[in-house]
Amino acid sequence: MDSLIPFTTSGALVDCVDRKMLVVLRDGRKLHGVLRSYDQFANLVLEDTVERIYHGNAFAEHWHGLFLIRGENVVLLGEIDLDQEDDIPLRQVDYNVLDPYHKMDIADRKGREDFKARVLYEQKGFCKEGGEGDGY
């Protein structure tokens, strides 16, 4: 009966080693790379890693190579389907062309989040993000 209980620890990653993965980090970065190793804390080692940024119907990649990720920073980890990877309806552009637009998108998103947090704090009594005891 115990064999029917799914893995809920980093042991579940054993099938993902040597596969191309997408990792979304807490700060919003999206990394694509081959998972080479992990440990009991879900710290990850990615090889041939690129960071992808998006704006509209375009994307750009920035090469990072070997990348070590602390497990607590991982929001999402998923395998990339190599058969469908090239079928995305986006066009690739140079990183330096897309980077200013991407930074504007991040600033706009931060402004909206700050406004929402201020309204929730002032009108609804919610605590502020990053306060004492905030684990993130």
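Parameters at a glance
Residues numbered from 1 in each chain as written. Predicted model: local features only at pLDDT ≥ 70, side-chain atom pairs only at ≥ 80, totals over all residues. Heavy atoms only, no water. Helix = DSSP H or I, 4+ residues; strand = E, 2+ residues; numbered from the N terminus. Buried < 20%, exposed > 50% of the residue type's maximum accessible area, 1.4 Å probe, protein only. Areas by Shrake-Rupley, 256 points an atom, 1.4 Å probe, with all protein chains shown as cover. Salt bridge = Lys/Arg side-chain N within 4 Å of Asp/Glu carboxyl O. Pairing = 2+ DSSP bridges. Phe/Tyr/Trp six-rings, centres within 6.5 Å; stacked < 30°, edge-to-face > 60°.

J.: Account for the overall build of the protein, with residues named and values stated.
T.: What the protein contains, in helices and strands, is 1 helix and 6 strands. Reading the protein from its N end, one meets helices and strands in the order β-β-β-β-β-β-α. Here the protein holds 136 residues, and 25% of them are scored as buried. Split by element, the accessible area of the protein, about 10100 Å² in all, is 52% carbon and sulfur.

J.: With reference to specific residues and values, describe the pattern of salt bridges.
T.: Any two side chains of opposite charge can pair, on the condition that their charged atoms come close. Per the stated rule, a full pass over the model turns up 9 salt bridges. Salt-bridge contacts for arginine 36 lead to aspartate 18; the nearest nitrogen and oxygen are separated by 2.6 Å. Of this pair, arginine 36 sits in strand E2 (residues 30-38) while aspartate 18 is found in the segment before strand E1 (20-25), placing the two residues 18 residues apart along the sequence. Residue class for aspartate 18 comes out exposed when judged on its relative accessible area of 51%. In this structure, glutamate 113 and lysine 116 form a salt bridge, with 3.5 Å as the shortest nitrogen-oxygen distance.

J.: Would you mind going over unusual backbone geometry in detail, with residue names and values included?
T.: The backbone of aspartate 18 shows a phi angle near 70°, a positive value even though the residue is not glycine. Positive phi is not limited to glycine here, since alanine 42 has a value of about 65°. Within the fold, alanine 42 resides in the loop between E2 and strand E3 (44-55).

J.: Describe the pairing of E1, listing the residues and the values that go with them.
T.: Where E1 lies against E2, 5 bridges are found, and the strand directions are antiparallel. Within E2, the residue paired with valine 23 across the bridge is leucine 31. In this antiparallel pair of consecutive strands, E1 and E2, the connection spans 4 residues, and glycine 28 shows a positive phi of 95°. One ladder, built from 5 bridges, connects E1 with strand E5 (residues 74-79); its direction is antiparallel. Pairing of leucine 25 across the sheet is with valine 74, part of E5.

J.: Which residues make up the packing of aromatic side chains, and what values go with them?
T.: Applying the stated rule across the entire model yields 1 aromatic pair. Taking the centre distance of 6.4 Å and the plane angle of 40° together, the rings of tyrosine 54 and phenylalanine 59 count as tilted. Here tyrosine 54 falls in the partly exposed class, since its relative accessible area comes to 27%. Taking the relative accessible area as the measure of exposure, phenylalanine 59 reaches 5% and is therefore buried.

That's the geometry; what it means functionally is another story.
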